[in-house]
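# Structural characterization, general
As a plain string of letters, each chain reads:
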Amino acid sequence: MGAKIANMISSQDPNLIYSLVIPIYNEEDTITQLYDRLSKVMSQLALESEIILVDDGSSDRSLNMIQELRNKDPRVRYISFARNFGHQIAVTAGLNFVQGQVAIVMDADLQDPPELVPDMLKLWHEGFKIVYAQRIGRKDESCFKRLSVYLFYRILRRLADVDIPIDTGDFCLMDRQVIEALNAMPERNRYVRGLRAWTGFKQTAISYERDGRLAGESKYPFAKLVSLAIDGIVSFSRVPLRLATYLGLITAIFAIVMIGLVIYWRLTDPNSQFIGFAMITVSVFFLGAVQLICIGILGEYIGRIYEEVKRRPIYTLKEIGGLSNKILQDANTHNL
Ligand code: UDP
Ligand code: MG
């Protein structure tokens, strides 16, 4: 029924060329400069456009600032969640409301430079349906974050069933066809950059150096980053499930070898220290660990099945600006 949400909400305005989709979570320190940089690029381009700001349940002044922007510039539209649903859901919701021929998704903290938009549009004119921005470097981020992100993208690439390009985030341009395809996907666990790659439309990369955050703190503490990484892997790969089987097989081989060794030691040296209490304790702990890891992996998949079968709406909206009220009612009813 997720497909129904999208078809109902996403209505195209034939005059609009591009829609900028920007998730906002407690970004009061960046919104003004974000708008200034965006409006510069927009006036250079001189094409019909809209800015869709998705307030992801901010608790600071973000929503007020968004409303002020809306009052002074009708190209600014917004939706506001009833609570914080997370970055990926905010992007998903923004895409549900896009009216332009293409959507360009970017972060609010200007780590994704808006000045890249004209080049992205040029590539779209050349026929690419997806233009994703690929980082060739990251400024002002800790070595630890850089290393973990570097490793994660490479592991994901090895494990995933679809070809998810490395070092790409959500900063990208998507054609209407891709937006419709994403909007028709009913799943609640949304790793947008993976889903985007999954659609398989003609795509290309555009390289850029990722700037540091303009102001404020990252809204992705390490725990959230890990959870995003697990979402990416579990949504796009069944290799971890197979890992359980491999671990089981390895343990079985290990156990058979140990049986042989214990018999051998018993026969040759009945007082051998290898067949005592320590041996038993170590094997119990080892097997306990293997089993718990496997249950944990199963839990990740089963938890996701549970989330999906509940069929709750993906988000709840408390307010929208510049978009019709019918959309708000539709979005909040449970039978979407
Ligand atoms: N964001 C969001 N909901 C969240 C966390 C983040 O909408 O729960 C937004 C945030 O406002 C920003 C984007 O997602 O526009 C990326 O977040 P951030 O810059 O903090 O992540 P980082 O660049 O540190 O990975
Ligand atoms: Mg950022």
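Here's a quick rundown of the structure. Not measured: the values here are computed from a predicted model. Starting from 1, residues in each chain are numbered consecutively following that chain's sequence as written. Here chains are named by letter from A upward and ligands by number from 1 upward, in the order in which they appear as written. Given that this is a predicted model, residues contribute local features only at a pLDDT of at least 70 and side-chain atom pairs are listed and counted only at 80 or more, while totals for whole chains, interfaces and linings are drawn from all residues. Each side-chain value is derived from all of the structure's non-hydrogen atoms; neither hydrogens nor water enter the calculation.

Summing up its helical and strand segments, the protein has 12 helices and eight strands in all. If you line up the protein on its principal axes, its C-alpha atoms span 90 × 45 × 40 Å. Contacts are residue-level and defined by heavy atoms, with any inter-residue pair within 4.5 Å sufficient. Here the analysis covers contacts within the protein between residues at least 6 apart in sequence; of these, 81% occur between residues at least 24 apart. Here the accessible surface of atoms and residues is derived via Shrake-Rupley with a 1.4 Å probe, and residues count as covered only by protein chains that are part of the display. Only carbon and sulfur atoms are counted for the fraction: they give 60% of the accessible area of the protein, which is about 17,100 Å². Numbering of helices and strands starts at the N terminus; helices are DSSP runs of H or I of at least 4 residues and strands are runs of E of at least 2.

Attention now goes to the packing of helix H7 (residues 176-183) against helix H8 (residues 192-199). As a rule, the C-alpha atoms of each element are fitted with a line to give its axis, helices using only the stretch in contact, and angles between N-to-C directions run from 0 to 180 degrees. Contact pair H7 / H8: the axes reach a minimum separation of 10 Å and the direction vectors enclose 115°. Judged by the sense of rotation from one axis to the other, the crossing of H7 with H8 is right-handed. Within the contact between the two elements, H7 uses Val178, Ala181 and Leu182 and H8 uses Leu195, Arg196 and Thr199. Partitioned by chemical class, the residues of the contact of H7 with H8 number four nonpolar, one polar and one charged. Rotating anticlockwise by less than a right angle from the far helix to the near helix defines a left-handed crossing, while the corresponding clockwise rotation defines a right-handed one. When residue character is reported, Ala, Val, Leu, Ile, Met, Phe, Trp, Tyr, Cys and Pro are called nonpolar, Asp, Glu, Lys and Arg charged, and the others, Gly included, polar.

Next up on the list: the site of ligand 1. Definition of nearness: a residue and a molecule or strand are near each other if at least one heavy atom of the residue lies within 4 Å of the molecule or strand. In the vicinity of ligand 1, 19 residues are found, and the nearest of them are Glu27, Asp56, Gln111, Ser218 and Lys219. Any pair of nitrogen or oxygen atoms within 3.5 Å is treated as a polar contact; in protein, a donor-acceptor pairing is required on top of that, and neighbouring residues in sequence qualify only through side-chain atoms on both sides. A distance of 2.9 Å separates an oxygen atom of ligand 1 from a polar backbone atom of alanine 108. The protein chains hide 95% of the 530 Å² of surface that ligand 1 would expose on its own. A class-by-class count of the residues in the shell around ligand 1 yields five nonpolar, five polar and nine charged.

This brings us to a nonpolar patch on the surface. The residues that make up patches have over 30% relative accessible area and no salt bridge, and they are joined within 9 Å when like-charged or within 5 Å when they are Val, Leu, Ile, Met, Phe, Trp or Tyr. Think of a salt bridge as a Lys or Arg side-chain nitrogen and an Asp or Glu carboxyl oxygen that are within 4 Å of each other. On the surface, Leu298, Ile302, Ile305, Tyr306 and Val309 cluster together into a nonpolar patch covering about 520 Å² of accessible area. Residue position: tyrosine 306 is located in helix H11 (residues 277-310).

This next bit is on the side chain of aspartate 167. You can see aspartate 167 is positioned in the loop between helix H6 (143-159) and strand S6 (168-175). At 3.2 Å, the side chain of aspartate 167 and the side chain of arginine 154 are in polar contact. Setting aside its immediate chain neighbours within four residues, aspartate 167 contacts Ala133, Gln134, Arg135, Tyr153 and Arg154.

Right, let's talk about the environment of glycine 86 for a bit. Along the chain, the position of glycine 86 falls in the loop between strand S3 (76-81) and helix H4 (87-97). Relative accessible area serves as the criterion here: at 15%, glycine 86 is assigned to the buried category. Considering only alpha carbons, one finds glycine 86 and isoleucine 24, 62 residues apart in sequence, at a separation of 9.9 Å. Three labels apply to residues, based on accessible area from a 1.4 Å probe with only protein chains included: buried if under 20% of the type maximum, exposed if over 50%, partly exposed otherwise in between.

If you look at the biggest cluster of nonpolar residues, it comprises 44 residues, and the most contacted ones within it are Ile79, Phe81, Leu95, Met174 and Tyr315. Here, nonpolar core means buried Ala, Val, Leu, Ile, Met, Phe, Trp, Tyr and Cys residues that are tied together by side-chain atoms lying within 4.5 Å of each other. The next biggest cluster of nonpolar side chains, apart from the first, holds 37 residues, and it includes Tyr18, Leu20, Leu34 and Ile104.

This part is about the side chain of histidine 87. Tracing the backbone through its elements, the reader meets histidine 87 in helix H4. According to the relative accessible area criterion, histidine 87 is buried, its value standing at 17%. Not counting the four nearest positions on each side in its chain, histidine 87 is found in contact with Pro23, Asp56, Asp107, Asp170 and Tyr220.

Side chains that differ in sign of charge can pair as their charged atoms come close. Under the counting rule described, the total for this entry stands at 17 salt bridges. Two residues, arginine 61 and glutamate 68, come together in a salt bridge whose shortest N-O distance is 3.6 Å. The structure contains a network of salt bridges with shared partners spanning Glu27, Asp109, Arg213 and Lys219.

Okay, the packing of aromatic side chains next. To describe a pair of aromatic rings, one takes the distance between the centres and the angle between the planes. Each pair of aromatic rings taken from Phe, Tyr and Trp, with Trp reduced to its six-membered ring, is defined by centres within 6.5 Å and is described as stacked if the planes are under 30 degrees apart, edge-to-face if over 60, and tilted in the remaining cases. On inspection of all chains with the given rule, the structure shows seven aromatic pairs. With a centroid separation of 5.9 Å and an interplanar angle of 55°, the aromatic rings of phenylalanine 254 and phenylalanine 286 are classed as tilted. Residue phenylalanine 254 is found in helix H10 (residues 239-268), and its partner phenylalanine 286 is found in helix H11; the two are separated by 32 residues along the sequence. When its relative accessible area of 48% is taken as the criterion, phenylalanine 254 is described as partly exposed. Following the ring pairs from residue to residue traces out a cluster consisting of Phe81, Phe85 and Tyr315.

The quantities given are spatial measurements derived from coordinates; they are silent on function.
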